[in-house]
Amino acid sequence: MTPSRFPSLSDLPLGQRPRAKRRWYKRSFRLQVMLLVGFLLATMLLAQGAYLNHRKADIVSEQMGERALAVAKSVAGMPSIIAAFETDDPARIIQPLAERVRQETGARYVVVGNAQSIRYSHPVAERLGERMVGGDNDQALIHGQSYVSRATGTLGTAMRGKTPIWDEEGNVIGLVSVGFLADRVASDAARYTLLGWSLVGLMILLGFAGAYWLSQHLKRVILGLEPYEIARLAMEKEAILQSIHEGILAVNREGQITLVNQQARRFMGVSDDHVLLGQPIREVVPNSRLLEVLKRGEQEFDQQMWLGDHPVVVNRVPIVDEGEIEGAVATFRSRREIIDLSEALTQASRDVDMLRAQAHEFSNKLYTISGLLQLERVEEALKLIHQESERAQKQMSFLMSRVADTVLSGTLLGKLTRARELGVTLEIDEHSSLSKPLTPSGQEVMMSVVGNLLDNACFAARSGPNAQSARVRLFFTDLGEQVLVEVEDNGAGVAPEHAEAIFTEGFSTKRGKHQGLGLALVSRLCERHGGAVTLEESELGGACFTAVLDALSSKPAPAR
């Protein structure tokens with residue numbers, strides 16, 4: 001039993017996908033995304049948390065200093081404290097008051113000193129009457145300022161608020177120093193910052209959880225593929241697009257080109273170094289009709305158009321995602337290849353029909369000759385034989401003597417036989433000539449130009465007012481490097497209002513599908529080879545088409 005095949009690499013089970021030999025941390029896209037996003041988020045949160053918590057610690061320290069200064073100002077403004085300075089023993093009154101304030105405010109110490117920095121209060125009673133230490137009292141005692149400082153005293157390093165004590169005359173008589181020890185400030189700051197660090201830790205955990213979810217989501221979005229697998233698929237897709245025989249052109253919803261392969265560039269005649277991606281499709285291929293597909297959202301299949309100098313058959317389909325049109329894609333196939341194949345099949349069918357018609361024609365002539373011989377009319381039978389042989393020989397001799405290219409001679413012989421089969425008299429002007437053989441591409445061009453003009457002329461002659469005596473006349477000649485072809489008929493002619501439209505692709509007065517291509521192709525070929533095709537009124541009464549082409553010959557024909 002044939003094993004089942006997976007449509008693409010993304011449909012393979014994870015265990016069966018081919019993997020390159022890579023380190024585990026480089027191979028797992030999900031792990032890379034989770035670690036990258038998680039570490040980035042953790043780094044940013046830690047940096048932000050460090051800054052905020054440091055700032056919060058500074059604010060707590062400043063608040064403790066301001067609190068110490070506020071307590072100092074309250075003590076300095078107490079009337080009993082000021083009045084105590086007038087007594088013989090200020091410490092007896094000030095010490096109990098200062099200790100009560102210290103206990104109520106939670107300060108480490110509340111020290112009141114006189115103008116000479118002698119202590120009147122202190123948490124350690126044995127230090128009363130001694131000088132205050134720290135060396136930062138002058139700002140209060142001399143300049144009368146209130147301030148916050150950080151200094152080391154007898155009880156340790158502390159945040160201290162100091163303010164002067166004023167008497168009723170406005171003189172500085174002492175100062176108050178209230179302190180909170182640094183370890184107390186640090187513990188308070190740590191208590192406040194602990195919540196901040198806890199929140200940072202929580203956010204880091206949530207960040208890693210979000211990074212894990214994001215990695216899982218991205219893995220699902222990219223169909224479970226690893227980056228190197230996506231890169232390989234992209235390279236395979238690009239190789240496939242560039243190697244297929246059809247041209248591919250895609251646009252986004254704004255009508256800008258998003259994809260074009262090599263075959264499409266060849267159709268448009270654009271080199272590889274010419275930048276097409278991002279260009280508006282209206283400027284690059286005005287007749288692409290992709291904008292109409294974007295607008296209507298309808299598919300179009302097997303439509304004919306010209307892409308540069310190439311006739312192509314195009315399919316156009318919109319790109320739909322969740323009901324919204326996101327773009328459109330067009331694929332192009334060379335119509336020349338299709339036409340060549342169709343013409344080959346048609347020619348084979350025509351050859352069979354021609355042989356059948358010739359067999360029928362010669363069968364009738366053989367019966368006629370047999371009847372004449374049975375009636376013993378030998379001379380008339382021989383005359384009929386010589387007449388038919390002479391006509392065929394005359395056509396062959398004319399083409400061999402006047403047409404240097406054997407391929408064109410064969411085409412003209414086939415057209416003569418086909419015209420006779422259709423009941424149309426096809427005349428080749430006796431002054432026609434082609435003195436130089438054609439190049440291989442010139443042969444294809446001449447077969448297309450002469451074949452289409454003669455086919456149209458035969459149809460016009462048979463469907464015109466002179467259908468019983470339908471006539472077509474052909475004249476061709478090479479003038480230097482140019483070739484001139486003139487085909488006229490005795491049909492109804494071309495209406496004046498259609499004189500320009502008949503060379504437009506798709507326009508035709510014939511009924512049925514796949515019409516309006518012959519004259520458009522002739523016009524394109526003439527323009528491509530430095531010439532043109534024109535319409536005039538024929539001397540036979542119908543239309544006369546004159547085609548001029550350049551550079552179809554290869555070298556002069558050898559002398560006969």
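Located above this text is the structure these notes cover.
Residues numbered from 1 in each chain as written. Predicted model: local features only at pLDDT ≥ 70, side-chain atom pairs only at ≥ 80, totals over all residues. Heavy atoms only, no water.

**Student:** How do you make sense of the overall build of the chain when you look at a structure like this?
**Tutor:** Scanning the chain from N- to C-terminus turns up 15 helices and 14 strands. Looking at the chain as shown, the accessible area adds up to about 32400 Å², and 56% of this sits on carbon and sulfur atoms. (Helix = DSSP H or I, 4+ residues; strand = E, 2+ residues; numbered from the N terminus. Areas by Shrake-Rupley, 256 points an atom, 1.4 Å probe, with all protein chains shown as cover.)

**Student:** Help me out: how do you make sense of the sheet that holds strand β13 (residues 532-537) in this one?
**Tutor:** Spatially, the five strands line up as an open sheet ordered β10-β11-β12-β14-β13, and their pairing is mixed. Every other strand in the sheet has two partners, leaving β10 (425-428) and β13 as the edge strands with one partner each. Ignoring strand direction, the axes of neighbouring strands in this sheet form an average angle of 15 degrees. In this sheet, strand β12 (residues 482-489) lies alongside strand β11 (residues 471-479) in antiparallel orientation, the contact comprising eight bridges. (Pairing = 2+ DSSP bridges. Axes fitted to C-alpha atoms, helices over the stretch in contact; angles between N-to-C directions.)

**Student:** How do you make sense of the pattern of salt bridges when you look at a structure like this?
**Tutor:** As enumerated under the stated definition, the model contains 14 salt bridges in all. Put simply, Arg316 and Glu300 hold a salt bridge, and the shortest N to O gap is 2.6 Å. One end of the pair, Arg316, is in strand β8 (residues 310-321); the other, Glu300, is in strand β7 (residues 300-307), and 16 residues separate them in sequence. Both residues of the pair, Arg316 and Glu300, belong to the buried class. Note that Glu488 is salt-bridged to Arg473, the shortest N-O span being 3.4 Å. (Salt bridge = Lys/Arg side-chain N within 4 Å of Asp/Glu carboxyl O. Buried < 20%, exposed > 50% of the residue type's maximum accessible area, 1.4 Å probe, protein only.)

**Student:** What is the right way to read the nonpolar core from this model?
**Tutor:** As a rule of thumb, nonpolar side chains are buried together in soluble globular proteins. Of all hydrophobic cores here, the largest spans 41 residues; its most connected members are Leu453, Val472 and Val485. Listed by contribution, the elements that provide at least two residues to this core are α13 (406-422), β10, α14 (440-463), β11, β12, α15 (518-528) and β14 (543-550). Counting residues per element, this core draws most heavily on α14, which supplies nine residues. Among all residues touching Val485, those that are not within four sequence positions of it are Met446, Val450, Leu453, Leu474, Phe475, Phe476, Phe545, Thr546 and Ala547. Listed in part, the 23 residues of the second largest apolar core include Met64, Ile81, Val110 and Tyr120. (Core = buried A, V, L, I, M, F, W, Y, C linked by side-chain atoms within 4.5 Å. Contact = heavy atoms within 4.5 Å.)

**Student:** Looking at this model, I keep getting lost on the packing of α13 against α14. Mind explaining?
**Tutor:** Axes are the key here: two packed helices are described by the angle between their axes and the distance separating the axes. Remark: α13 packs on α14, axes separated minimally by 10 Å, with the N-to-C direction vectors making an angle of 15 degrees. Of the possible angle classes, the one that applies to α13 and α14 is roughly parallel. Pair α13 / α14 crosses with right-handed handedness. In contact with Val407, Leu408, Thr411, Leu412, Lys415, Ala419 and Leu422 of α13, α14 contributes Gln443, Met446, Met447, Val450, Gly451, Leu454, Asp455, Cys458 and Arg462. Split into classes, the residues belonging to the contact of α13 with α14 amount to ten nonpolar, three polar and three charged. (Parallel < 35°, antiparallel > 145°, perpendicular 65-115°, else oblique. Left-handed = near helix turned anticlockwise from the far one by under 90°. Nonpolar A, V, L, I, M, F, W, Y, C, P; charged D, E, K, R; others polar.)

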